[in-house]
Amino acid sequence: MSNVTTGAELIDCPQNCERPTVRALPSQSKILGSGLPIVRHLPVREQRRIGPWCFLDHIGPTDLEADNGVNVGPHPHIGLQTVTWLFEGALLHKDSLGHEQVIRPGQLNLMTAGRGICHSEESPPGFSGPIHGLQFWIALPESDEDTNPAFAHHTDLPQWRQGDALVTLVVGELDGRRSPARVFSPLVGAHIRADGDTTLSLPVPASFELGVCVNQGHARLEGAPMDTGSLYYLGQGREQVTLELDDGADIMLLGGEPLGQPVLLWWNFVGRDQARIETAIKDWQRYPNDRFGAVEAYDGAPLTAPPLDPRTKLK
């Protein structure tokens, strides 16, 4: 789950404009503090970002009991947008702006941190059953790093069929359609699920870096098989993506134009320089305050940021 990183790493992410490629990225399995199993696909040392997408956790699948659900206390974000997309189950979002929102499959929760926001995530009261989904971070461009924080919940997203595949445009633009979710740079995030063996081709801008996350089932890209549970980096330069999907296959297409700026990650903070992150850590230590307001609806303690060694400097 993107907003409960258990490790901390300072990452500089220069971008090289790669030609079209197909490269499987390594991933890491983790158990979060709430006992939730995840697979971390981004960032990895081999690939820090795909366009502006700088973080991707595959949540579950697992089963939750009513007395042992997700319970992640208030924690801060800066310099990013969080994207939550579920295949099964439900989560309850609460934030320092006063929002309380349950998200279910087929719905989008999009939180814009900008200059600073604080939120918690829980299972809805009494919830038990399967939980399965994805959580992403989108790095904000320099011009919008300090935008006002915001939260939006979308239930009416563009959907269309191509062959036996159902395409849902979660964020960004694809095939002449646009998601109503507000983003700050050119990008795409599309969920594709096959209910029969099918082949589909989707036009994409050649300027986009692209990735495909195979959530379940069997898929092939340009005839090459793709492993279930893996994220593939496709580079830049494609004008279309052609996928063969077996019945039941489920994938996420993501990408966008590289930001052309450093993107540093430490705990739940994203920034283009170390000073911004150091300031955010100090501000969080004074929670609640004008930057990171209290999550009034949450009953419990906030999370503690891991320390950033002052000797750690970017090269």
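Note that the coordinates shown come from a computational prediction; the quantities given were computed from them, not determined experimentally.

## Quick look at the side chain of His-77
Here comes step 1: Among the secondary structure elements, His-77 is positioned in strand E5 (residues 71-77).
Here comes step 2: Looking at His-77, the relative accessible area reads 0%, which means it is buried.
Here comes step 3: Of note is the side chain of His-77, whose polar atom sits 3.3 Å from the side chain of His-119.
Here comes step 4: At 2.9 Å, the side chain of His-77 and the backbone oxygen of Asn-268 are in polar contact.

## Things to note about the environment of Gly-163
Here comes step 1: In this structure, Gly-163 sits in the loop between strand E13 (159-162) and strand E14 (165-174).
Here comes step 2: Taking the relative accessible area as the measure of exposure, Gly-163 reaches 53% and is therefore exposed.
Here comes step 3: In sequence terms Gly-163 and Gln-107 are 56 residues apart; their C-alpha atoms lie 23 Å from each other.

## Details of unusual backbone geometry
What is expected of a backbone is that most residues other than glycine have negative phi and most peptide bonds are trans.
Here comes step 1: The omega torsion across Leu-42 and Pro-43 is 0°, close enough to zero to call that bond cis.
Here comes step 2: Relative to the helices and strands, Pro-43 is located in the loop between strand E3 (37-42) and strand E4 (53-64).
Here comes step 3: Omega for the peptide link from Tyr-287 to Pro-288 comes to -5°, which places this bond in the cis form.
Here comes step 4: If you trace the backbone, Pro-288 turns up in the segment after helix H1 (274-284).
Here comes step 5: Located in the positive-phi region is Glu-222, a residue other than glycine, with phi close to 50°.

## Digging into the UniProt feature "domain: Pirin N-terminal" (unreviewed entry) in the chain
Here comes step 1: As annotated by UniProt and renumbered to match this structure, "domain: Pirin N-terminal" (unreviewed entry) occupies residues 45-138.
Here comes step 2: Secondary structure within residues 45-138 divides into 0% helix and 62% strand; the distance between the first and last C-alpha atoms comes to 18 Å.

## Here's the deal with the sheet that holds strand E19 (residues 219-221)
Here comes step 1: Strand order across the open sheet formed by four strands is E17-E22-E19-E20, with antiparallel pairing between neighbours. Edge positions in the open sheet fall to strand E17 (198-203) and strand E20 (224-226), since each of these has one partner strand only. This sheet shows a mean twist of 30° between the axes of neighbouring strands, independent of strand direction.
Here comes step 2: Bridge count between E17 and strand E22 (residues 240-245): six bridges; the pairing is antiparallel. In the sheet register, Leu-202 faces E22, and the bridge partner there is Val-241.

Criteria and cut-off values
Every chain begins its residue count from 1, and numbering advances along the sequence as written. Under the rules for a predicted model, residues below a pLDDT of 70 receive no local features and side-chain atom pairs below 80 are neither given nor counted, while totals for whole chains, interfaces and linings still include all residues. Side-chain metrics in this entry use all non-hydrogen atoms of the structure; hydrogen atoms and water are not considered. Numbering of helices and strands runs from the N terminus, with a helix taken as a DSSP run of H or I at least four residues long and a strand as a DSSP run of E at least two residues long. Type-normalised accessible area, obtained with a 1.4 Å probe on protein chains alone, sets the label of each residue: buried when under 20%, exposed when over 50%, and partly exposed for intermediate values. Residues adjacent in sequence count toward polar contacts only when both atoms are side-chain atoms; beyond that, a polar contact is any pair of N or O atoms within 3.5 Å, and within protein one must be able to donate a hydrogen and the other to accept it. UniProt positions are given in the numbering used here, feature names are shortened, and annotations may be inferred rather than shown by experiment. At least two DSSP bridges between two strands are needed for those strands to be called paired. Lines are fitted to the C-alpha atoms to define the axes, a helix being fitted only along its stretch in contact, and any angle between axes, read from their N-to-C directions, falls within 0 to 180 degrees.

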